Structures are given as structure tokens and as C-alpha cells.
Amino acid sequence: EAQFVESGGGLVQAGGSLTLSCATSGFTFDDYAIGWARQVPGNERESVSCISAKVRDPRYADSVKGRFTTSRDNVKNTVYLQMNNLKPEDSGVYYCAAECNLWWDGSLRVTSWGQGTQVTVSS
């Protein structure tokens, strides 16, 4: 089965940077778009980024455009999320999963999220 392991989170001051990693297994990585979503207590999970399988076209939430960059390594089966100029509102638990082209707008229920990695941005 598909598995996702997120890492790289931590505590950072506003304006700082973090890079998250999403290690995947259990499926043909090269065939699927992979995305990141985040969640804060009491809120719905929010789509953050998505990168397509072949062309590697990225998609970002409006709130992170210009600050976040997603990329993928098809040898390591790993997706990254480089987060720059972090803001307190970026805080949350960050998750990754495949088929973000389908779940971006919430139309597909995803059950394969990993444990997530906590990002905390201090003011």
C-alpha cells in the first residue's frame, strides 16, 4: 500500500525557512502527482502544493505563492517543499499524499496521509 513519511518540520522565526521531505513507497512514484496539505487544530486540511508526475508542473495555494517551492526526486521517490519567508499563519501539521490533482479541491477523500510533520512559526 502507498506510504508517506513526512519530515523536516520544526520551530522557526517569522521570515525564516524550512524544507520538508516526503518519502514515499508502495506505488509507482513516477506515475502520480504528489502534494502537500496542512492542518491546524479545528480547521479543515488545506491544500498547499501539488507537482505533476511527468512535466513536474507545480500548483500552489494562493497563500503560499512566491514563498513555497515544491520539487520531486524520481530516483529517491521523494517530494520536497521548500518554504521561505515563513509566516505565523503557515504553522500547522504538514502532510503529503499522491493524486493531489484529484484531492486539491476536496473532492477526493484521502486516507493515505502519513503522520505529518509539525511546522511552528513564531512571531
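Up top is the structure.
Residues numbered from 1 in each chain as written. Predicted model: local features only at pLDDT ≥ 70, side-chain atom pairs only at ≥ 80, totals over all residues. Heavy atoms only, no water.

Some remarks on the nonpolar core
Link 1 in the chain: Formed by 24 residues in total, the largest nonpolar core has its most connected members in Trp36, Phe68, Leu81, Met83 and Tyr94.
Link 2 in the chain: When contributions to this core are tallied by element, the ones reaching two or more residues are strand E3 (18-25), strand E4 (34-39), strand E5 (46-51), strand E8 (78-83), strand E9 (92-98) and strand E10 (117-122).
Link 3 in the chain: If you look at the next biggest cluster of nonpolar residues, it comprises eleven residues, including Ala33, Ala97, Val110 and Trp113. (Core = buried A, V, L, I, M, F, W, Y, C linked by side-chain atoms within 4.5 Å. Buried < 20%, exposed > 50% of the residue type's maximum accessible area, 1.4 Å probe, protein only. Helix = DSSP H or I, 4+ residues; strand = E, 2+ residues; numbered from the N terminus.)

A word on the pairing of E9
Link 1 in the chain: Counting buried positions along E9 yields seven of seven residues, so the element is predominantly enclosed.
Link 2 in the chain: In the sheet, E4 pairs with E9 via six bridges, with the strands oriented antiparallel. Directly across from Gln39, in E9, lies its bridge partner Val93.
Link 3 in the chain: In terms of strand pairing, E9 meets E10 through three bridges, oriented antiparallel. Note that in E10 the partner of Val93 across the bridge is Gln118. (Pairing = 2+ DSSP bridges.)

Looking at the pattern of salt bridges
Link 1 in the chain: On inspection of all chains with the given rule, the structure shows five salt bridges.
Link 2 in the chain: Between Arg38 and Asp90 there is a salt bridge, with its nearest N and O atoms 3.0 Å apart. With Arg38 in strand E4 and Asp90 in the loop between E8 and E9, this pair connects stretches of sequence that are 52 residues apart.
Link 3 in the chain: For Arg38, a relative accessible area of 6% gives the class buried.
Link 4 in the chain: Arg67 serves as the salt-bridge partner of Asp90, at 2.7 Å between the closest nitrogen and oxygen. (Salt bridge = Lys/Arg side-chain N within 4 Å of Asp/Glu carboxyl O.)

Points about unusual backbone geometry
Link 1 in the chain: A positive phi is found at Asn85, a non-glycine position, where the angle reads about 50 degrees.
Link 2 in the chain: Tracing the chain through its elements places Asn85 in the loop between E8 and E9.
Link 3 in the chain: For Asn85, a relative accessible area of 43% puts it in the partly exposed group.
Link 4 in the chain: Unusually for a residue other than glycine, Glu99 sits at a positive phi of about 65 degrees.

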